[in-house]
Amino acid sequence: MKKLVISIVLVNLLAACASEKPKETSAAPGSSSAAKSAAASSASSPATAGDPLNDPASILAKRSVYYPFDVATVQDADKPAVQAHAKYLSGHANRKVRLEGNCDERGSNEYNLALGQRRADGVKKMLELGGAKTSQTESVSYGEEKPKASAHNEAAWAQNRRTDLMYAK
Amino acid sequence: MLLGILRGVIGLLLLAQASVAGAALSIEIIGAGEHQIPVSIVPFGGDQKLAKIINEVVTGDLQRSGLFRLVDPAGKSPHELAEVNYPDWQVRGVDALAIGSIAALPNNRVEARFRLLDVVKQTELVGQAVSASDGQVRAIGHRIADWIYEKLTGDKGVFSSRIAYVNRQGQKFRLIVADSDGYNEQVVLASNEPIMSPAWSPDGSHLAYVSFETGHAVIYVQSLYTNQRMSVADFRGSNSAPAWSPDGKQLAIVLTRDGSSQIYLMRPDGNGIRRISFSGAIDTEPNFSPDGQHLLFTSDRGGSAQIYRMSVDGGPEQRMTFGDGNNFSPRHSPDGNGFVFAHLNNGKFYVATQDFQTGQMSILTEGGWEKKPSFAPNGKIILFASEARGRGILATVSSDGRVKQHMFTQSGDAREPVWGPNF
């Protein structure tokens, strides 16, 4: 039963890779704030000059993946960025990334912890399918415990339903 | 004044406000029980400073239960049995009368004498003398309130029990244990990372909880007597949602070490781990039945979060909640006949209960951000996390939905409350 579920997930991911098109960068909920926070974090990134991770114009500057409510699969709009990170990691074996799953507050704290873990694990799997080694990735969840925005509205919730890619220094 | 209002509108919904000056928190009571028992609490004799505390605790406890109508003694102040003139109280329509005195003893101890009298039958219902250290004056008050509650309602009192919750202030998290009225806060753990899911051991000696202090969710078990603790589940991913078995010999926990969030059992020292759910979906928030034979839990195996039940030996799982919305955080009632849970519908959380026999769901609150309900040990009151004036607060509702109270802590947000056992 469990094996069956995993293989379905793999098929989904592979299908996603096959259908990848560069034009799929249309705005996802909160993508503008994502770009902002990604740019901010890349500005303080310890990456050395010449490292594409350091280039604010690179797709690698996008460090957050956003989700609809109660969904943990990476959306089409975010797939190119995750793929680019996978490629980067496969070419930079010394780099490690921590995937931090987060949720909006509409669920119990424990359910959201589980959902955030599923979100982070989904990104981890996609990175590994794209060439990153298991040892380069770690997935954790904060559930709803570390909201970026605290209001009880969709604008805040959209920002909080997120997996952040945090590169180790 | 409050008593006047109470007398005037019995049976109607009313709003009473009882805030205690200089306290760590303020309490608002909304509503009243259907049949309030008229009782008069005579301020204790003896040391007046101590007597004031006792009176405050006893009247506060009884008022918050919603089951009593406190009748003003109106100047009469018997402290000994011989000083009681029953007709004085019969004319006031009082069913029961509480009298007593408290004295400070040498060596930092206090002694209280207390009697509860049946005014109609003119008999003594309770006669007790208690001695305790002078730091335990409020505890004596709670004990007296428990005696009154138990004698007059037939149910066990819960005022002497304790609660645990998490206080969040900015990025500071504190795991707190406090008296049932929120006083006597004791900080169990302070951290700059989130703390969640506190769970009382059945004997009240330990808390299991989840802390993110090492960068991910890890389960700890900590003694409330020695403050010593150990990490009992620290696998990759998330280790969460600890729940004690009624005999205290097992913890049900949720791990992601084998993939998705699944339920496992282990001993409270972290040994003997075995997996008992195999859904591949999210299975979380396990809660043992009082007989230790079943677990209620939250799962999204059907496509969205609902409550399920399974045997502790693993399977067969049975879905318990249906209908609109999602359901989370199930906890058995102490009598095992039903459960309380958080019901999410149209963007609002409600506290709801469901009976196993009838499958009937009852919504007890008006809705808002109401999460993590847990029963008091006598099953008569439900504690939950709510929100008011933009802050996370503790709130209670009687299990019949009639009486509600809001408890405001001094600062920060109160989250993840759980009512401890009577012990």
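Here the structure is a predicted model, which means the values were calculated and not measured.

This paragraph deals with the overall build of chain A. Within chain A, the secondary structure is distributed over 5 helices and 4 strands. When its helices and strands are written in sequence order, chain A yields α-α-β-α-β-α-β-α-β. For chain A, buried positions account for 50% of its 169 residues. Across chain A, the fraction of contacts at a sequence separation of at least 24, relative to all contacts at a separation of at least 6, is 73%. Total accessible area computed for chain A in this model is approximately 7,600 Å², and 61% of it derives from carbon and sulfur atoms.

A separate point is the packing of helix α2 (residues 48-65) of chain B against helix α4 (residues 137-153) of chain B. All names here are of chain B. Two elements in contact, α2 and α4, have axes separated by 8 Å at closest approach and are oriented at 40 degrees. One element, α2, and the other, α4, form an angle in the oblique class. Judged by the sense of rotation from one axis to the other, the crossing of α2 with α4 is right-handed. For the pair α2 and α4, the contacting residues are Leu50, Ile53, Ile54, Glu56, Val57, Val58, Asp61, Leu62 and Ser65 in the first and Val137, Arg138, Ile140, Gly141, His142, Ile144, Ala145, Ile148 and Tyr149 in the second. Tallied by class, residues from the contact of α2 with α4 come to 12 nonpolar, 3 polar and 3 charged.

Our focus in this paragraph is the domain arrangement of chain B. Interface size is often expressed as the accessible area that is lost when the parts come together. All names here are of chain B. Here the domain parsing of chain B yields domain 1 (35-153) and domain 2 (162-419). For domain 1 and domain 2, the distance between their C-alpha centroids amounts to 35 Å. Contacts between the two partners involve 7 residues from domain 1, matched on the other side by 9 residues from domain 2. Surface buried jointly by domain 1 and domain 2 totals about 720 Å² across both partners, of which 44% is contributed by carbon and sulfur atoms.

All names here are of chain B. Ordered by their spatial adjacency, 4 strands build an open sheet running β24-β25-β26-β27, and the pairing between neighbours is antiparallel. Every other strand in the sheet has two partners, leaving β24 (326-332) and β27 (361-363) as the edge strands with one partner each. For this sheet, the mean angle separating the axes of adjacent strands, direction not counted, is 30 degrees. The pairing of strand β26 (residues 348-355) with β27 spans 3 bridges and is antiparallel. Looking at the pairing, Thr353 lines up with Ser362 of β27.

Our next topic: the sheet that holds strand β1 (residues 64-66) of chain A. All names here are of chain A. Spatially, the 4 strands line up as an open sheet ordered β1-β4-β2-β3, and their pairing is mixed. With partners counted over all chains shown, the strands left at the sheet margins are β1 and β3 (137-143), one partner each. For this sheet, the mean angle separating the axes of adjacent strands, direction not counted, is 20 degrees. For strand β2 (residues 97-102) and strand β4 (residues 162-167), the ladder comprises 6 bridges, and the chain directions are antiparallel. Residue pairing for β4: Glu100 is matched across the bridge by Asp164. Helix-sheet contacts for helix α3 (residues 79-91) involve β1, β2, β3 and β4, and the interaxial angle to β4 is about 25 degrees. Across the face of the sheet, helix α4 (residues 109-129) comes into contact with β1, β2, β3 and β4 while running at roughly 160 degrees to β3.

What counts as what
Residues numbered from 1 in each chain as written. Chains lettered and ligands numbered in written order. Predicted model: local features only at pLDDT ≥ 70, side-chain atom pairs only at ≥ 80, totals over all residues. Heavy atoms only, no water. Helix = DSSP H or I, 4+ residues; strand = E, 2+ residues; numbered from the N terminus. Buried < 20%, exposed > 50% of the residue type's maximum accessible area, 1.4 Å probe, protein only. Contact = heavy atoms within 4.5 Å. Areas by Shrake-Rupley, 256 points an atom, 1.4 Å probe, with all protein chains shown as cover. Axes fitted to C-alpha atoms, helices over the stretch in contact; angles between N-to-C directions. Parallel < 35°, antiparallel > 145°, perpendicular 65-115°, else oblique. Left-handed = near helix turned anticlockwise from the far one by under 90°. Nonpolar A, V, L, I, M, F, W, Y, C, P; charged D, E, K, R; others polar. Domains from an automatic or database assignment. Buried area = accessible area lost by both parts, 1.4 Å probe. Pairing = 2+ DSSP bridges.

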